[in-house]
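Residues per chain, in single letters:
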Amino acid sequence: MLTLAVPLIIFHDSEIIADSNIIAVIVSKESDIKQLAPRQISDIYLARRNTFPTGEPAEVLDQSWNAPLREAFFKRLNGMNMKQLNAYWARLRFSGNIQPPPTIADNIKMRNAVSENRYAIGYIPLEFVDKSVHVVLLLN
Amino acid sequence: MKNKIFLNKRSIYILGIIASLIVCKPGLTEESGVYSDKFSRLTLNGFGTLAASIDDRIDMMPQRNVSQLFYNQFESNLNAELDSRLGLQAHYRAGRNLDFVVQGVLRNQVSVDLENSIELGYAAFRPSHWVEFRFGRVGYDAFLMADKRQIGYAYPWVRPPIEFYGWLPLYHMDGMDMTWRIDREESQWSIRLQGAQTVVPIYADSTFDIDCRDIYTASITRQSGPLQIKGSISSYRISNEMPALIPLQEGLNSIATEIETIFPSISHEAESLYHNLTFSGAEMCYSSIGFSYDDGKWFTQAELAYADTSSDIFTNGIMGYAAVARRFGDWMPYVIYSAIIQGNDVSTPEEDWSPVGASELQTAANETLNIFRMEQRTLSLGLRWDFNLQSAIKLQWDIIRTDAFGHGLWFTRGDLKNQDNSIGMGTISLDFMF
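Since this is a predicted model, take the numbers as computed values, not measurements.

Side note on the nonpolar core
Then step 1. Counting 111 residues, the largest nonpolar core has F73 of chain A together with F143 of chain B as the members making the most contacts within it.
Then step 2. Examining the composition of this core, we find that eight residues originate from one element, helix α4 (residues 82-94) of chain A, more than from any other.
Then step 3. Beyond its immediate chain neighbours, meaning those up to four positions away, F143 of chain B contacts F164, Y165, W167, L168, K230, S232, Y286, S288, E303 and A305 of chain B.
Then step 4. Of all hydrophobic cores here, the second largest spans 11 residues; its members include I104, A113, V114 and A120 of chain A.

A closer look at unusual backbone geometry
Residue and element names in this part refer to chain B.
Then step 1. Backbone geometry at D214 places phi at a positive 50°, although glycine is not the residue there.
Then step 2. Structurally, D214 can be placed in strand β10 (residues 206-224).
Then step 3. Phi angles above zero are rare outside glycine, and F405 is one such case at about 60°.
Then step 4. Its relative accessible area of 21% is what places F405 among the partly exposed residues.

Side note on a nonpolar patch on the surface
All names here are of chain B.
Then step 1. Residues W298, V324, V335, Y337, L379, L381, W397 and I399 make up a contiguous nonpolar surface patch of roughly 680 Å² in combined accessible area.
Then step 2. For the nonpolar patch, the elements supplying multiple residues, two or more each, are β15 (331-342), β16 (374-388) and β17 (391-407).
Then step 3. Counting through the fold element by element, W397 comes out in strand β17.
Then step 4. For W397, a relative accessible area of 42% puts it in the partly exposed group.

Re the pattern of salt bridges
Then step 1. Following the criterion strictly, the structure yields 29 salt bridges over all chains and no others.
Then step 2. D43 of chain A is paired through a salt bridge with R48 of chain A; the nearest N and O atoms lie 3.8 Å apart. For the pair formed by D43 of chain A and R48 of chain A, the shared burial category is buried.
Then step 3. Of the charged contacts in the structure, one is a salt bridge between R213 of chain B and D211 of chain B, with a shortest N-O distance of 2.9 Å.
Then step 4. Bridged by salt links that share partners, the residues R134, D141, D177, R192 and K230 of chain B form one connected network.

Points about the sheet that holds strand β1 (residues 23-28) of chain A
Residues and elements named next belong to chain A.
Then step 1. What the four strands build is an open sheet, ordered β2-β5-β1-β6; its pairing is mixed. Of all the strands in the sheet, the pair left with one neighbour each is β2 (59-60) and β6 (133-139).
Then step 2. With five bridges connecting them, β1 and strand β5 (residues 120-125) associate as antiparallel partners. The residue of β5 that forms the bridge with I26 is G122.
Then step 3. Here helix α2 (residues 38-45) sits on the sheet and contacts β1, β2, β5 and β6; the angle it forms with β5, its principal contact strand, is near 110°.

Here's the deal with the environment of W157 of chain B
Residues and elements named next belong to chain B.
Then step 1. Among the structural elements, W157 can be located in the loop between β7 (131-139) and α3 (162-165).
Then step 2. Measuring from C-alpha to C-alpha, the distance between W157 and A325 comes to 9.2 Å, with 168 residues separating the pair along the chain.
Then step 3. With residues near it in sequence (within four places) discarded, W157 still touches M145, G152, F299, Q301, A323, Y334, I336, K394 and Q396.

Observations regarding the interface of chain B and chain A
Then step 1. At the junction of the two partners, chain B supplies 45 residues and chain A supplies 36 residues.
Then step 2. Summed over both partners, the interface of chain B with chain A comes to about 3600 Å²; 48% of that surface belongs to carbon and sulfur atoms.
Then step 3. At the surface where chain B touches chain A, the tally comes to three salt bridges.
Then step 4. For E59 of chain A, the salt bridge identified is with R96 of chain B, shortest N-O distance 2.6 Å.
Then step 5. The biggest single contributor to the side of chain B that touches chain A is β16 of chain B, with four residues.

Cut-offs and rules
- Residues numbered from 1 in each chain as written.
- Chains lettered and ligands numbered in written order.
- Predicted model: local features only at pLDDT ≥ 70, side-chain atom pairs only at ≥ 80, totals over all residues.
- Heavy atoms only, no water.
- Core = buried A, V, L, I, M, F, W, Y, C linked by side-chain atoms within 4.5 Å.
- Buried < 20%, exposed > 50% of the residue type's maximum accessible area, 1.4 Å probe, protein only.
- Helix = DSSP H or I, 4+ residues; strand = E, 2+ residues; numbered from the N terminus.
- Contact = heavy atoms within 4.5 Å.
- Patch = residues over 30% accessible without salt bridge, like charges linked within 9 Å, V, L, I, M, F, W, Y side chains within 5 Å.
- Areas by Shrake-Rupley, 256 points an atom, 1.4 Å probe, with all protein chains shown as cover.
- Salt bridge = Lys/Arg side-chain N within 4 Å of Asp/Glu carboxyl O.
- Pairing = 2+ DSSP bridges.
- Axes fitted to C-alpha atoms, helices over the stretch in contact; angles between N-to-C directions.
- Buried area = accessible area lost by both parts, 1.4 Å probe.

Here it is, written out as structure tokens:
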């Protein structure tokens, strides 16, 4: 199935995420992180913590704010919908405490950015995963 | 005085930003990965509230906070300026460890000018992942919501509980702060220390800028999943005197010194009134503890604070609130109870001043002190509807009880000072971000 899906990915790198698609949370191959629990990833993506459990810094990459993939990611990760997430980030961003992480609108660019930085963490549809990154959690 | 303050702030901004750039400049040339030139560095965002309130009193008008001033106060019970505001923010990500943020907020306040409308203007420098320095204009970090009061979209209710936040004069400060972050397996801690100064404009016969110096704040926050607990302590002093009070102070000081040996008890009372009506040199200390819990279905928040001041003309006492909200899809009903209990009793004459012909002075001094007392309770019932991704409509009904000589959070017309009062106020608001 994955092999058959590859040509589609090459020509249709668009933000189509069906409920059945698996989302892979990825880190660099050089990272010491082998796996992460949903709560740990949730704390990282909500800026509650800025380090991995190993103590290394976590540099977060997010998808575009209104992307269906982002909505599916948080819904599966911690149950937050986009409205709750927007209100949450409004508290942090406009109080000056923490600014949201950089966003990347392209899954291949996300994968490449994560693979190039041993401290980065990101998420992409499973079919975009290749050998350049390591999967620490699957969200189904 | 104002020009001197302005130059000091500018110096702090410039020195802080230059220091950040000097330290970070080598790092800026080595950027790669997530903070490289591949990604947009500048983001522009904003938030706002459009709101209208109506109350059932023709002789009382509410304030959201003590920095507000309304013209033609009693012409209508409808008020569209109480909660309406518009904020714009620019964020520039200079690199992995350096950010610049500027935020302006347009709202009803005593002085609507550039100086008072800039809420944030700082450089944030992170030499490592566990520490951050901010230089410039930052938010006041005491209490859970002190630095979030402007952002209606960020909280369920129409406005932060007035009994807890309405009297707080500080919004932003010019200086610096340091934040240490400690990540444990099940919890995250942050400790923040702030040192700054600011100017707070208020209106008393004319506009007066309160010069707040030596603002030192320490806060500690623990986050564990949906639960956040925060404790803070803050102190500052006032360095200038309010011109409107000077004639009263001079009269009291004269009484206190000239008749000290003849009428020592009157002299003592005059000295006490003089001290409690003095701005310059007054010291404040706020301490608080609070928690917030949000698991996606239930949202609860509560705080308790104690404000201590060296002059009774400033708000002091105990204040607190508790709020509960529950989400039903895009709908969130909520209830809040908040209260403030003034720390000093109602100021009343202790001695008969007629022998020195100063009864009117005594009356004026006591009335002035009592004008600023705050003693009230509010029960709020409300509903929030998130009708789209970045906007929410709120309806709130407040049932407010003020005690005699406790109307410090209200503009009043007529002789209401010596009676309890009740007010009903309804508000509809549209909160949004972009």
